[in-house]
Amino acid sequence: MSTLPARKLRVATASLAGCFGCHMSFLDIDEHLFELVDIIEFDRSPLTDIKEVGPCDIGIIEGGVCNSENVHVLREFRRNCKTLIALGACAVNGGLPAQRNHIPLAECLREVYQFRPGVENGQIPNDPELPLPLDKVRPIHEVVRIDYFIPGCPPSGPAIWKFLTDLIAGRTPRLTGGLLHYD
Amino acid sequence: MSALPSDESAALDGILQRHRHDPTRLLQILIDAQDIAGWLPAPVLTRIAAGLDIPRARVEGVAGFYSFLYTRPVGRYRVLFSDNITDRMLGNAELLDALCRKLWIEPGKMSEDGLVSVTTTSCTGLCDQGPAMLVNGQAIGQLNHRRINEIAEMIRQQRPLELWPAEFFQVDDNIRLKGALLGLEMAPGEALKAAIARGPEGWLAEMQASNLRGRGGAGFATAVKWASARNAPGELKVIVCNADEGEPGTFKDRVLLNRYADLVFEGMSLAAWAVGAGEGFVYLRGEYRYLRPQLEAVLACRREAGLLGKNILGQPGFDFDIQIHLGAGAYVCGEESALIESLEGKRGTPRIRPPFPVIKGYLGRPTVVNNVETLAKTCLVALHGGADFAATGTAQSAGTKLISISGDCAMPGIYEYPFGAQISRILEDCGASDTQAIQVGGASGICLASYEFQRRIAYEDVPTAGAFMIFDGTRDLFEVARAFIHFFAHESCGFCTPCRVGTSLLKGFMDKLADGHGAKADLNDIDWIDRLLKNASHCGLGSASPNPVIDTLQKFRPAYERRLVSLDFEPAFDLDAALAEARQLTARNDPGAHLKTHEEEEEK
Amino acid sequence: MTKQFLLDGQPVPFEDGQTVLEAARAAGHYIPSLCWHKDFPPHGSCKLCVVKAAGRHVSACATPAKEGWEVESNTPEINGERRGLLQMLLVEGNHFCPSCEKSGDCELQALGYEYEVLTPRFRHFFPDRPVDASHPDVLLDFNRCIFCELCVRASRDIDGKSVFALTGRGIDKHLVVNAESGRLADTDFAKTDRAANICPVGVILHKRVGFAVPIGERTFDLATISEKTLKEGSS
Ligand SMILES: Cc1cc2nc3c(=O)[nH]c(=O)nc-3n(C[C@H](O)[C@H](O)[C@H](O)COP(=O)(O)O)c2cc1C
Ligand code: SF4
Ligand code: SF4
Ligand code: SF4
Ligand code: FES
C-alpha cells in the first residue's frame, strides 16, 4: 500500500476566459472538500488572496485564452506547476467564448464599444494598461503544454473529485461510468 | 432561377446537345461550358442540371471538386504557375511575384477589371523545362524575367493567346536516351496485325509470357488484369488509358502522347483485342489539354486506316473506338477508381474495393485501367513476342522503364533504361554532380540519400512510376518534404477522415517548423499523424502522403532539428501575430501590445 | 460448418458476403462506426471502424469477412487510432457541446465518451460555416458536419430528392443543398424526409423540439454507444 505524501500538495487555480462555473463546480465536491484540504493547500487561486503563483504541484486552469493577459498567467502557471490541468470546456476547446471566432475581431469590438445602444461616442479603448484581445479565442493546450484535461461545462463535482484523487494517489486519472461529459 | 443572357444560353444548349444530354458527360460539359464566360456562374449550373435532368446539387458538387473549374469569377487571362518543387528550385516564386507586381494584382485575386488572375497549381509536368505556367490552359515553359515582362505586356494589351509568340508554347520532348520503346519505329497497325494473327487467347498467352507489369506505379501484372476483365461477366467491356500523370516530377506520358501517340492507341486496341472490349477512353489530365487536338487528329487517321471502328483490320466483330475525356486539375483522379468516377461525370472520389474495376468499373462494366507507358509497351510484346520482352530487365521486372529526370542536373529529360539500372549510373548519364538526395517515384515515392545510390530501379528494389527529381548539396530537404505535403493537402479529395484532416494537420506542423516555431513535441505529433495516414487512409493518396516526411525525417533529420526552437513545446499558433488585428484597431504598439511566441525570450 | 474468423482471439461466425463489422456485431462484439448505417451500402469514409485484419488495416464496415482471418479491434493500437480520428473530427469543425441541441443524442460525442477522448489534442481549425435557418421546420448547422453523407444518401436513395450534396475538395469540402440560392427553404425538403432524421451529429436539427428531452435523459445518458449498438443488433 502506498501512502499519501506527508507534505501537503500545493495547488494553484486560475480562471482565464471562463465564467468561474468550473471553480463553482470544484467547490461542489462538498464534504470531499474537507478531505481535500487535509492533503492539499492552495497557492494563488480565486479562493485565496495570493496574487502571484509560486512553485506548485498542481495547477488548474479554467477558461480559454482570449487576450495577452491570459497568455502571461498561463505561462506563469506552466513555469511554476509540475502538473497543469485544463478544467472545463472553455479551457479544453475554447468553449462559449470561442463562438466569437467566426466573427472578425474588429466587428466584435465595434459591436461592444461603438454600436451598443446607450454607448455614445464609443471608442475602442487603447489604454496600454489593458490587455489586447487575440484574433481568436484558443484552448489552452495551443499555448502551453497541458498534462491533463477534464472536459465538461462545467465538469461535475464528482468528476473533478475522481480525477484529482486518481492523480494524487498516483493513478492515471480516468473519467468513466458517466463521469465524462462534454456538456 | 436567374436568367442567362440569350447568347450564352444558346451556346450552352449547343454544348448540351453535343454531349447528347448525357449525365456521364457532366465533367466534359462543365469544361466546355466554362469556355463561354471563363467561369461557371450559378445560373449556368442550374441550366446544366435542368438540361441533364439531374439534381443541381450534384452539378455543384462536381463543379466544386476540380481545381480548373471556377464557380467564382476569374480573370480573362488565367495564369497558373506550376508549383512543383522543381519549379520552386528554378525560382517560380520570384517570377510569380514579378508578374503580379507588373500587373498590379495580388496572387490568388482577380484584378478589379476582371482582366487577369495569377496563382499557383500543382506540377504541370514540364519539370524538364521549368519554371512553367499555364495561361488559359496553354503551357509555357522556360520562364525567366524576360518572358515574364513580355507576358505582362501582352496581357496588359489584351493580346489574344493565338497572337503570342509561338515559341512560348513550344514544349520540348527532351528525349535523352532511347531504348526498345523510344527507338521503335512501327507502322500503325503492325502490332495489332500480329496480335490478331495469334487470336485473343494466343495474344494473352504472349502477354503472360512477357511478364509486363504496370508502369503507373503499383506494378500489377498486365496480363492478369486483362485476363480478369476478359473472364468477368458482362458483355460490354472497357479499356481506359490513364493519362492523368499527376505525380509531381513525372512527364514521360506527356512525351509518349506527344510523339508516340500511335503506340499508345495501338496498345489500347491490343488490350481491347485481348479483353473483348468495345469502348476505350483516354483520361487526359487537364494540364495536357493542349495535346488534345493532335491526339484527335491521330485518332481520326487511325479510324481512316481501319484501325478503329467496326471490324477492325477486317476482323469481323472486332469493334473498338476511343474517345478522349479531359480531367480538370485533380491528382486523385489518377487513382483508377476515382478516375472511373470522374469518367462517369462525378466527383473523383476513390471507390471501395472490392469490387475491383476489372470486375465492375465504368458504369459497372469490366474495365481495364492501364498507364500510358504500359499500353505503349504492349506493342513491343505483340511485335517481338513475350519471351523477347521478358529477356531484358531483371527477374521480377521485365523490359525497360522511362524515367523523367528533373532537378539539379545538366540534362533533364526522358531516359529509357532496362530495369535494374543503377541509380548512380543514371545520375552520371544526366550530368548530376554533388547530389545530396533524389526523390524517385514522385511525391508519393521514396527519397534516397547518397549512401543508397548503388540501388537499382526495379519493382523489387526501388520501384517508380517514372519520376526522378535530383537535389544537390545546396538544397534543403525539409523544404522538399514541405512542398510535397502542401501538394497532398491540396490534392486530398477529402473523402476520408485521416487524409482530409491529417494532411492539413501535417501541413500545419511543417509550416510551423518553417516559420521558426517548432518544438520537439511537434516531431512526435508528426510521427503519429504519419502513421495514422499510412494505416487508415482510404486510398493510395492518403497512405503515401506522409512518405516524404517519413523518409526525410529518417535520412535528413538535422534539416528538421535545426528548425526547432524548443526541446519541449511551442504554441500552436503565432501569438504575436494573433495580436496584430487588435494592435491595428487600437493603434497601439507599446511593449504590452506584443507577445513573444517563443517563451524564453519573454521578460520573467 | 459455418465459417469463422478470430476477433481479438474470439471466434466469430459469419456468412458469405457479411462484412467484418456486421459479423462482429451479430456475435455481440462492438466495432465502432459513424458513416455506416444498416439501411445503406457501406460508405467507408469515417474510418472509425478501422481494424487490423491479417496484419493489414481495413475498414470493417466495407470489408467482407474471410475464413480464418485474425482480426484485431479492441487493442491499444487500434483504439488509439480511433481516438485520433475522433480528435481530427472535433478540431476540423466547430463542436461546442454545451450549446448543441444534439448533445446526449450525438454519436460523435458518444464515441468520444466511449474512447475516453479528454482533449481535442490538435490545433483547432475554427472554420467559418454559416448556419442555414431558412427552412420553417429544420435548421442546418454546418459547423458540426462530419461528412458521413448519410443525409446525401438518404435524400437521394430513399426520399428521391437529392436535397444534399458535397462540393469542394479536401479540407474545403462542404455540404450544399439543391437550390441555386443555396437555401434549404428553396428546396423540396420536408421534416418527414428520411434525410431529416438521419444525421448522427448536430447538423440537421428540427426546430422547436431542441430540448424536449432534457439533458440527462437522452440516448447516451441511458446507455453507452457500444451498449446501445449491441442491444439494437440483437433485437
Ligand atoms: C493518388 C494516385 C494517383 C495515381 N495517378 C496515376 C497516374 O497519374 N497515372 C497512372 O498511370 N497511374 C496512376 N495511379 C495508379 C493507378 O491507380 C493504377 O494503378 C494504374 O493506372 C494502373 O495502370 P498500370 O497497371 O498500367 O500501371 C495513381 C494511383 C494513386 C493512388
Ligand atoms: S486517402 Fe485522401 S484522396 Fe484517398 S479517399 Fe481518403 S481523402 Fe480521398
Ligand atoms: S455535434 Fe455532437 S460533438 Fe458536435 S457539438 Fe453537437 S453534441 Fe457536441
Ligand atoms: S449533415 Fe449530418 S448526415 Fe449529412 S453529411 Fe453532415 S454529418 Fe452526415
Ligand atoms: S463506419 Fe466504416 S468507415 Fe465509417
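Computed from a predicted model, the values in this text were never measured in an experiment. (Residues numbered from 1 in each chain as written. Chains lettered and ligands numbered in written order. Predicted model: local features only at pLDDT ≥ 70, side-chain atom pairs only at ≥ 80, totals over all residues. Heavy atoms only, no water.)

S.K.: Describe the overall build of chain A, naming the residues involved and giving the relevant values.
M.R.: Across its full length, chain A holds six helices and seven strands. Helices and strands appear in chain A in the N-to-C order β-α-α-β-β-β-α-β-α-α-β-β-α. Along the three orthogonal principal directions, the C-alpha set of chain A runs to about 65 × 35 × 30 Å. Counting across all 183 residues of chain A, residues that qualify as buried make up 51%. Contacts spanning at least 24 positions in sequence make up 76% of the contacts within chain A whose residues lie at least 6 apart. (Helix = DSSP H or I, 4+ residues; strand = E, 2+ residues; numbered from the N terminus. Buried < 20%, exposed > 50% of the residue type's maximum accessible area, 1.4 Å probe, protein only. Contact = heavy atoms within 4.5 Å.)

S.K.: Run through the site of ligand 1, naming residues and quoting values.
M.R.: All names here are of chain B. Around ligand 1 there are 18 residues in total, and Gly 216, Asn 242, Asn 370, Asn 371 and Thr 374 lie nearest to it. Within the contact set of ligand 1, a nitrogen atom lies 3.2 Å away from a backbone nitrogen or oxygen of Gly 334. The fraction of the free accessible surface of ligand 1 (600 Å²) that becomes covered by protein chains is 88%. One can see that ligand 1 is located within the second largest pocket. Contributing elements (two or more residues each) for the shell around ligand 1: strand S9 (367-371) and helix H20 (540-544). Ranked by residues supplied to the shell around ligand 1, first place goes to S9 with three residues. Among the residues making up the shell around ligand 1, the classes are represented as three nonpolar, nine polar and six charged. (Near = heavy atom within 4 Å. Polar contact = N/O pair within 3.5 Å; in protein donor to acceptor, adjacent residues only side chain to side chain. Areas by Shrake-Rupley, 256 points an atom, 1.4 Å probe, with all protein chains shown as cover. 1 Å grid on protein atoms, 1.4 Å probe; cavity = no way out; pocket = protein on both sides within 12 Å on 5 of 7 lines; lining within 4 Å. Sits in = over half its atoms within 2 Å of the grid points. Nonpolar A, V, L, I, M, F, W, Y, C, P; charged D, E, K, R; others polar.)

S.K.: Give me helix H6 (residues 157-168) of chain A: which residues, what numbers.
M.R.: Residues and elements named next belong to chain A. Here H6 is twelve residues long and its end C-alpha atoms lie 16 Å apart, about the 16 Å a rise of 1.5 Å per residue gives. When you tally the buried positions in H6, you get nine out of twelve residues, the bulk of the element. Within H6, burial applies to Gly 157, Ala 159, Ile 160, Trp 161, Phe 163, Leu 164, Asp 166, Leu 167 and Ile 168. Once H6 ends, the next one or two residues include Gly 170, with phi positive near 85 degrees. (Expected span 1.5 Å × (residues − 1).)

S.K.: How would you explain the packing of aromatic side chains if you had to name every residue and give the values?
M.R.: Residues and elements named next belong to chain B. In the structure shown here, the tally under the stated rule is 19 aromatic pairs over all chains. Measuring from ring centre to ring centre gives 6.1 Å for Trp 203 and Trp 226, while their planes differ by 55 degrees; the resulting arrangement is tilted. Here Trp 226 lies in helix H9 (residues 222-231) and Trp 203 lies in helix H8 (residues 190-210), a separation of 23 residues in the sequence. For Trp 226, a relative accessible area of 0% puts it in the buried group. Taking 5.2 Å as the distance between ring centres and 65 degrees as the angle between the ring planes, the aromatic pair formed by Phe 487 and Phe 488 counts as edge-to-face. Taking relative accessible area as the criterion, Phe 487 reaches 8% and is therefore assigned buried. Here the aromatic cluster, defined as three or more aromatic residues joined through ring pairs, consists of Tyr 77, Trp 164 and Phe 169. Over the face of the ring belonging to Phe 168 we find Arg 147, whose NZ or CZ atom lies 4.6 Å from the ring centre. The ring centre of Tyr 288 lies 5.2 Å from the NZ or CZ of Arg 285, which sits over that ring. (Phe/Tyr/Trp six-rings, centres within 6.5 Å; stacked < 30°, edge-to-face > 60°. Lys NZ or Arg CZ within 6 Å of the ring centre and 35° of its normal.)

S.K.: Would you mind going over the sheet that holds strand S3 (residues 133-135) of chain B in detail, with residue names and values included?
M.R.: Residue and element names in this part refer to chain B. The strand order across the open sheet formed by four strands is S2-S1-S3-S4, and the pairing between neighbours is mixed. Unpaired on one side and paired on the other, strand S2 (116-121) and strand S4 (138-140) mark the two borders of the sheet. Here the strands of the sheet are splayed against their neighbours by 25 degrees on average, with no regard to which way each runs. In the sheet, strand S1 (residues 77-82) pairs with S3 via three bridges, with the strands oriented antiparallel. The partner of Leu 80 across the bridge, within S3, is Leu 134. The sheet strands contacting helix H6 (residues 92-103) are S1, S2 and S3, and the helix crosses S2 at an angle near 170 degrees. Here helix H7 (residues 145-156) sits on the sheet in contact with S1, S2, S3 and S4, set at roughly 160 degrees to S1. (Pairing = 2+ DSSP bridges. Axes fitted to C-alpha atoms, helices over the stretch in contact; angles between N-to-C directions.)

S.K.: Describe the interface of chain C and chain A, with residues and values.
M.R.: Between chain C and chain A, the contact holds 22 residues from the first and 26 residues from the second. Interface of chain C and chain A: buried area, both sides summed, is about 2000 Å²; carbon and sulfur atoms make up 62% of it. Where chain C touches chain A, the interface holds one salt bridge. For Arg 174 of chain A, the salt bridge is made with Glu 116 of chain C, and the minimal N-O distance between the two is 2.5 Å. Taken together, the connections running from chain C to chain A amount to ten residue pairs in polar contact (both at pLDDT 80 or more). The residue inventory of the side of chain C that touches chain A, partitioned by class, reads ten nonpolar, seven polar and five charged. (Buried area = accessible area lost by both parts, 1.4 Å probe. Salt bridge = Lys/Arg side-chain N within 4 Å of Asp/Glu carboxyl O.)

S.K.: Report on the site of ligand 3, specifying residues and quantitative values.
M.R.: All names here are of chain C. Around ligand 3, the structure places His 95, Phe 96, Cys 97, Cys 100, Ser 103, Cys 106, Leu 108, Gln 109, Arg 144, Val 201 and Gly 202. Cavity membership is defined here by more than half of the atoms lying within 2 Å of grid points; on that basis ligand 3 lies in the second largest cavity. Split into classes, the residues belonging to the shell around ligand 3 amount to six nonpolar, four polar and one charged.

S.K.: Run through the pairing of strand S11 (residues 413-418) of chain B, naming residues and quoting values.
M.R.: Residue and element names in this part refer to chain B. Of all the six residues making up S11, five are buried; the element is thus mostly covered by neighbouring parts of the structure. Two strands pair when backbone bridges link them, and strand S5 (residues 175-177) and S11 are joined in this way by two bridges, in the parallel orientation. Opposite Leu 177, over in S11, you have Tyr 415 as the bridge partner. One ladder, built from six bridges, connects strand S10 (residues 400-407) with S11; its direction is antiparallel.

S.K.: Got a sec to walk through the domain arrangement of chain C? Specific residues and values, please.
M.R.: Residue and element names in this part refer to chain C. Here chain C is described as being made up of domain 1 (3-74) and domain 2 (84-222). With 14 residues of domain 1 in contact, the opposing surface of domain 2 contributes 19 residues. Here domain 1 packs against domain 2, burying approximately 1300 Å² in sum over the two surfaces, 67% of which is carbon and sulfur. Summed over the three residues of domain 1 that lose the most area to domain 2, namely Leu 34, Phe 40 and His 43, the buried surface amounts to 47% of that side. Linking domain 1 with domain 2 are one salt bridge. Remark: the boundary between domain 1 and domain 2 carries four residue pairs in polar contact (both at pLDDT 80 or more). (Domains from an automatic or database assignment.)

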